[in-house]
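A look at the structure
Now for the letters of each chain:
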Amino acid sequence: MMMRFSALAVPLVIASCGPAAGTACPLRVATPAALEHAFACAPAGATIELDPAPYGELRLADRNRGSLLLRSADAKRPATFTSLAIASSSGIHLADLRFSGRPGRQSYGLLVSGSREMQVDRTEFAGPGTAGETRPIIALMLRDSTDLAVRNSRFSGYKHGIALLNVQRTIIADNRFSDLQTDGVRGGGASDLLVERNQ
């Protein structure tokens, strides 16, 4: 008895870590929710542009696939955060942003923790502090992270400018500090730290 077999065409499905079919990943955003979505789905090497709007207190975490630039769409009208935390991520570059106001839940303008290859550039930290007031808020906290750079940014109106704790290979250069209650840069547990050309 002779038996014949015919090949069956079976479609091959490959899982993807990107957005689901039929959905778009926005690379220009105007709300905190849109920014959270873009942060999660943008491809490696992408630029997310933020429209001039208040983004409040936000936490972005767990992104580790290539570089990602977050910048204001219009540097003359920067996107403004009350506070922003970036955690357990790598390759994130922030540029042309503004931090201002008094956070309701956090004690910092920007917190970077458990991250690597993080850059902050051309960003303004304009705290809510006034003359004679005790200021509990830190402009920028860098903690438990490596390969960091803070450049060309301005710090004022906070308790202190940049706080460091357990960081490695960090550059703080060409920044301007004014009207702070205590120090421009302070902290401990830092190794391979370069601080230069700040005012």
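Residues numbered from 1 in each chain as written. Predicted model: local features only at pLDDT ≥ 70, side-chain atom pairs only at ≥ 80, totals over all residues. Heavy atoms only, no water.

So, about the overall build of the protein chain. In terms of regular secondary structure, the protein chain is built from one helix and 16 strands. Burial status across the protein chain gives 39% buried among its 199 residues. Partitioning the contacts of the protein chain with sequence separation of at least 6, the portion at a separation of at least 24 is 51%. Put simply, the protein chain shows about 10,600 Å² of open surface, and 51% of that area lies on carbon and sulfur atoms. (Helix = DSSP H or I, 4+ residues; strand = E, 2+ residues; numbered from the N terminus. Buried < 20%, exposed > 50% of the residue type's maximum accessible area, 1.4 Å probe, protein only. Contact = heavy atoms within 4.5 Å. Areas by Shrake-Rupley, 256 points an atom, 1.4 Å probe, with all protein chains shown as cover.)

With 86% of its residues at a pLDDT of 70 or more, the protein chain shows a mean pLDDT of 88. Within the model, the stretch residues 1-22 combines pLDDT values under 50 with two contacts to residues more than four positions away or in other chains. (pLDDT = per-residue confidence, 0-100.)

For the rest of this paragraph, the subject is the pattern of salt bridges. Think of it this way: side chains of opposite charge can pair up when their charged atoms draw near. Applying the stated criterion across every chain, the model contains 14 salt bridges. As a salt-bridge pair, Glu117 and Arg116 come within 3.5 Å of each other at their nearest N and O atoms. Under the relative-accessibility criterion, Glu117 is labelled partly exposed at 43%. Connected through shared salt-bridge partners, Asp96, Asp121 and Arg122 make up one network. (Salt bridge = Lys/Arg side-chain N within 4 Å of Asp/Glu carboxyl O.)

Phi is positive for Arg122, close to 50°, though the residue is something other than glycine. Positionally, Arg122 belongs in the loop between β9 (116-121) and β10 (124-126). In this structure Arg122 comes out as partly exposed when scored by relative accessible area, which is 43%. Notably, Asn166 is not glycine yet its phi reads approximately 55°, a positive angle. Here Asn166 falls in the partly exposed class, since its relative accessible area comes to 41%.

Turning our eyes to something else, we now look at the nonpolar core. Note on soluble globular proteins: their nonpolar side chains tend to be buried together. In terms of nonpolar packing, the biggest core is built from 41 residues, with Leu35, Leu50, Leu70 and Leu94 touching the most fellow members. Examining the composition of this core, we find that five residues originate from one element, strand β11 (residues 138-151), more than from any other. Aside from chain neighbours lying at most four places away, what touches Leu50 is Val29, Leu35, Tyr55, Leu70, Arg71, Ser72, Ala73, Ala79, Phe81 and Leu97. Counting six residues, the second-largest nonpolar core is a separate cluster that includes Ala85, Tyr108, Leu111 and Ala163. (Core = buried A, V, L, I, M, F, W, Y, C linked by side-chain atoms within 4.5 Å.)

On to the state of the cysteines, then. This model, assessed by the stated rule, comprises one disulfide. With its sulfur 1.9 Å from that of its partner, Cys25 forms a disulfide with Cys41. In this structure, the disulfide formed by Cys25 and Cys41 twists by about 95° around the S-S bond and is classed as right-handed. Linking Cys25 in the segment before β1 (28-29) with Cys41 in helix α1 (residues 32-41), this pair joins segments that are 16 residues apart in sequence. (Disulfide = S-S within 2.5 Å.)

For any two aromatic rings, the description comes down to two numbers: the centre-to-centre distance and the angle of the planes. Considering all chains together, one arrives at five aromatic pairs under this definition. Ring plane angle 5° and centroid distance 4.9 Å describe the contact between Phe99 and Phe125, whose orientation is recorded as stacked. Within this pair, whereas Phe99 is found in strand β7 (residues 98-100), its partner Phe125 is found in strand β10, the two being separated by 26 residues in sequence. Like Phe125, Phe99 is buried. Ring centres 4.6 Å apart and planes at 5° place the aromatic pair Phe125 and Phe155 in the stacked group. Here Phe125, found in strand β10, pairs with Phe155, found in strand β12 (residues 154-156); they are 30 residues apart in sequence, far enough to count as distant. Each residue in the set Tyr55, Phe81, Phe99, Phe125, Phe155 and Phe177 is aromatic and connected to the rest through ring pairs, giving one cluster. (Phe/Tyr/Trp six-rings, centres within 6.5 Å; stacked < 30°, edge-to-face > 60°.)

To continue, consider the environment of Pro26. Within the element layout of this structure, Pro26 appears in the segment before β1. Pro26 sits 16 residues away from Ala42 along the chain, and the two C-alpha atoms are 7.7 Å apart. Those residues within four positions of Pro26 in sequence are excluded, and the remaining contacts are Ala34, His37, Ala38 and Cys41.

In this section: α1. Of all the residues in α1, the buried ones are Leu35, Ala38, Phe39 and Cys41. Where the residues of α1 are buried, they touch β1, β2 (46-50), β3 (54-61), β4 (68-72), β5 (80-87) and β6 (92-95).

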